[in-house]
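Here's the letter readout for the chains.
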Amino acid sequence: MTTQELREKRETTVRRQQTPAPEPTSAARTTGVTDITLDAGGITLSGLHIEPTGPAPRAVVVAVHGGGMTAGYFDGQAHPSVSLLRLGASLGFSVLSLDRPGYGRSADEIPHGQSLAEQSAALHAALDDYARRFPVGEGFLLVAHSFGGKVALTAAADDRRGRIIGLDISGCGHRYAVDFREPPGDLARESWKWHWGPLRLYPPNSFRYSRPLVAPMPPAELRELRQWSQIFPGVAARVRVPVRFTFAEFENWWRHDTDALEEMVGHLRAATVTVHRQPDAGHNISLGWAARSYHLRVLAFLEELLAHREQGGG
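Residues numbered from 1 in each chain as written. Predicted model: local features only at pLDDT ≥ 70, side-chain atom pairs only at ≥ 80, totals over all residues. Heavy atoms only, no water.

1. Comments concerning the overall build of the chain
Helix and strand counts for the chain come out as 12 helices and 8 strands. Counting the 314 residues in the chain, one finds 52% classified as buried. Partitioning the intrachain contacts of the chain with sequence separation of at least 6 by distance along the chain shows that 81% fall at a separation of at least 24. Working note: accessible area of the chain is about 14600 Å², and carbon and sulfur atoms make up 52% of it. (Helix = DSSP H or I, 4+ residues; strand = E, 2+ residues; numbered from the N terminus. Buried < 20%, exposed > 50% of the residue type's maximum accessible area, 1.4 Å probe, protein only. Contact = heavy atoms within 4.5 Å. Areas by Shrake-Rupley, 256 points an atom, 1.4 Å probe, with all protein chains shown as cover.)

2. Examining the packing of aromatic side chains
Under the criterion given, the structure shown has 9 aromatic pairs. Relative to Phe-140, the ring of Tyr-130 lies with its centre 6.2 Å away and its plane at 65°, an arrangement referred to as edge-to-face. Here Tyr-130 is found in helix 4 (residues 116-133), whereas its partner Phe-140 is found in strand 5 (residues 140-145), with 10 residues between them in sequence. The pair formed by Tyr-130 and Phe-140 is uniform in burial state, with each residue classed as buried. (Phe/Tyr/Trp six-rings, centres within 6.5 Å; stacked < 30°, edge-to-face > 60°.)

3. Considering the pairing of strand 8 (residues 273-282)
With 7 bridges connecting them, strand 7 (residues 243-250) and strand 8 associate as parallel partners. Of the residues in strand 8, the one forming a bridge with Phe-250 is Gly-282. Taking the sense of rotation as the criterion, the β-α-β connection linking strand 7, helix 11 (residues 258-267) and strand 8 turns out right-handed. (Pairing = 2+ DSSP bridges. Right-handed = clockwise from strand over helix to strand, strands pointing away.)

4. Side note on the pattern of salt bridges
This structure, assessed with the given rule, holds 13 salt bridges. Asp-280 is the salt-bridge partner of Arg-200, the closest N and O atoms lying 3.8 Å from each other. Taken together, the residues span a long stretch of sequence, with Arg-200 in the loop between helix 7 (191-195) and helix 8 (206-210) and Asp-280 in strand 8 at a distance of 80 residues. On the basis of relative accessible area, Arg-200 is assigned to the exposed category, the value being 54%. By relative accessible area, Asp-280 is classed as partly exposed at 42%. Among the charged side chains, a salt-bridge network with shared partners connects Asp-128, Arg-161 and Arg-163. (Salt bridge = Lys/Arg side-chain N within 4 Å of Asp/Glu carboxyl O.)

5. A word on the sheet that holds strand 8
The strand order across the open sheet formed by 8 strands is 1-2-4-3-5-6-7-8, and the pairing between neighbours is mixed. Each edge of the open sheet carries a strand with a single partner, namely strand 1 (34-39) and strand 8. Pairwise comparison of adjacent strand axes, ignoring direction, gives a mean angle of 25° for this sheet. Set on the sheet, helix 4 makes contact with strand 1, strand 2 (44-50), strand 3 (60-64), strand 4 (94-98), strand 5 and strand 6 (164-170); between it and strand 1 the angle comes to about 115°. Against the sheet, helix 11 makes contact with strand 7 and strand 8, and its axis sits at roughly 140° relative to strand 8, the strand it touches most. (Axes fitted to C-alpha atoms, helices over the stretch in contact; angles between N-to-C directions.)

6. Quick notes on the side chain of Ser-97
Position of Ser-97 relative to the elements: it lies in strand 4. Within polar-contact distance, the side chain of Ser-97 engages the backbone oxygen of Ala-71 at 2.7 Å. (Polar contact = N/O pair within 3.5 Å; in protein donor to acceptor, adjacent residues only side chain to side chain.)

7. Here's the deal with the nonpolar core
By size, the foremost hydrophobic cluster in this structure holds 53 residues, and its most contacted members are Val-62, Leu-96, Tyr-130, Leu-153, Leu-167, Val-239 and Leu-268. Among the elements that take part in this core, helix 5 (residues 147-157) stands out by supplying 7 residues, more than any other. Those residues in contact with Leu-268, other than ones at most four positions away along the chain, are Leu-153, Phe-232, Ala-236, Val-239, Phe-245 and Val-273. Counting 35 residues, the second-largest nonpolar core is a separate cluster that includes Leu-84, Leu-85, Leu-87 and Phe-301. (Core = buried A, V, L, I, M, F, W, Y, C linked by side-chain atoms within 4.5 Å.)

8. Here's the deal with helix 4
For helix 4, built from 18 residues, the straight-helix expectation of 26 Å at 1.5 Å per residue is met to within 8% by its first-to-last C-alpha distance of 26 Å. Taken residue by residue, helix 4 has Leu-116, Gln-119, Ser-120, Ala-122, Leu-123, His-124, Ala-125, Ala-126, Leu-127, Asp-128, Asp-129 and Tyr-130 as its buried positions. (Expected span 1.5 Å × (residues − 1).)

9. Side note on the pairing of strand 6
Burial runs high along strand 6: 7 of the 7 residues are buried. Looking at chain direction, strand 5 and strand 6 are connected through 6 bridges and run parallel. In the strand pairing of strand 6, Ala-144 is matched with Ile-169. One crossover worth recording links strand 5 to the parallel strand 6 by way of helix 5, and it is right-handed.

10. Some words on the packing of helix 4 against helix 5
Closest axis-to-axis distance for the helix 4/helix 5 pair is 9 Å, and the angle between their directions is 70°. By the angle class used here, helix 4 and helix 5 are roughly perpendicular. Pair helix 4 / helix 5 crosses with right-handed handedness. Contacts between helix 4 and helix 5 involve Leu-116, Ala-117, Gln-119, Ser-120, Leu-123 and His-124 on the former and, on the latter, Phe-147, Lys-150, Val-151, Thr-154 and Ala-155. Along the lines of polarity and charge, the residues of the contact of helix 4 with helix 5 split into 6 nonpolar, 4 polar and 1 charged. (Parallel < 35°, antiparallel > 145°, perpendicular 65-115°, else oblique. Left-handed = near helix turned anticlockwise from the far one by under 90°. Nonpolar A, V, L, I, M, F, W, Y, C, P; charged D, E, K, R; others polar.)

See the structure below:
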């Protein structure tokens, strides 16, 4: 090989090292995960779905994403250990991750989104459609993140059929740690801190794979964002199923000190409530290295609920 050829080879190698990996144009999927659409009372909700191989599922995990994300949040692709859909199906559960009203396919139908009460009604209608088409076993465990936690709590409060057997909520409390009186620009500059936390918490390429999952937050949600502390007590008083809250070590959106948690749990007076703290995790727990640990606890919680029902506990 000549000197010129060696020089050209080195230059080509440098260019390859400096060229960033191409951004994915659409969200990747775990093997076995399929797209699904459900009738949600006149609107169409899109989402992701996976069923276990073998026997019918004993229950269905219904994943409800947060504000500014989509259903793919629960099927993270940066590392095989991250996906809740992959893990849930491997342990014998069906997993349904829905795009909430105003996201995914319904973003064109209802670009302004819906209120919490409207989203609760839409979720119940979608679950009606799902139950007509797929086996549901003992019922639905709602696994919700951030703003999705508000929707899940509202849906449980509105559940007159008793098919929601429990709630597992991360990244959602009842009192914000954020001062919304700050100028939006200041908050935007610190958005990394609020949503993600330290980089070491996430597998390589997490943010590249997460970009297709991000979506604008509908105006209806933005309007209700600041009202949650006032809405929560009335919703919480009507929740009658077991609830498990998880707060990440680097959770900065919500107050989760002892006093705040005691107050929050006190409003859920008709429910059994447990609170877990997830070490080495930021607000977006289900996209980080801690995802598998968190998701295993979610499914262990579901196992406990099913065992209780099998013993006649209802």
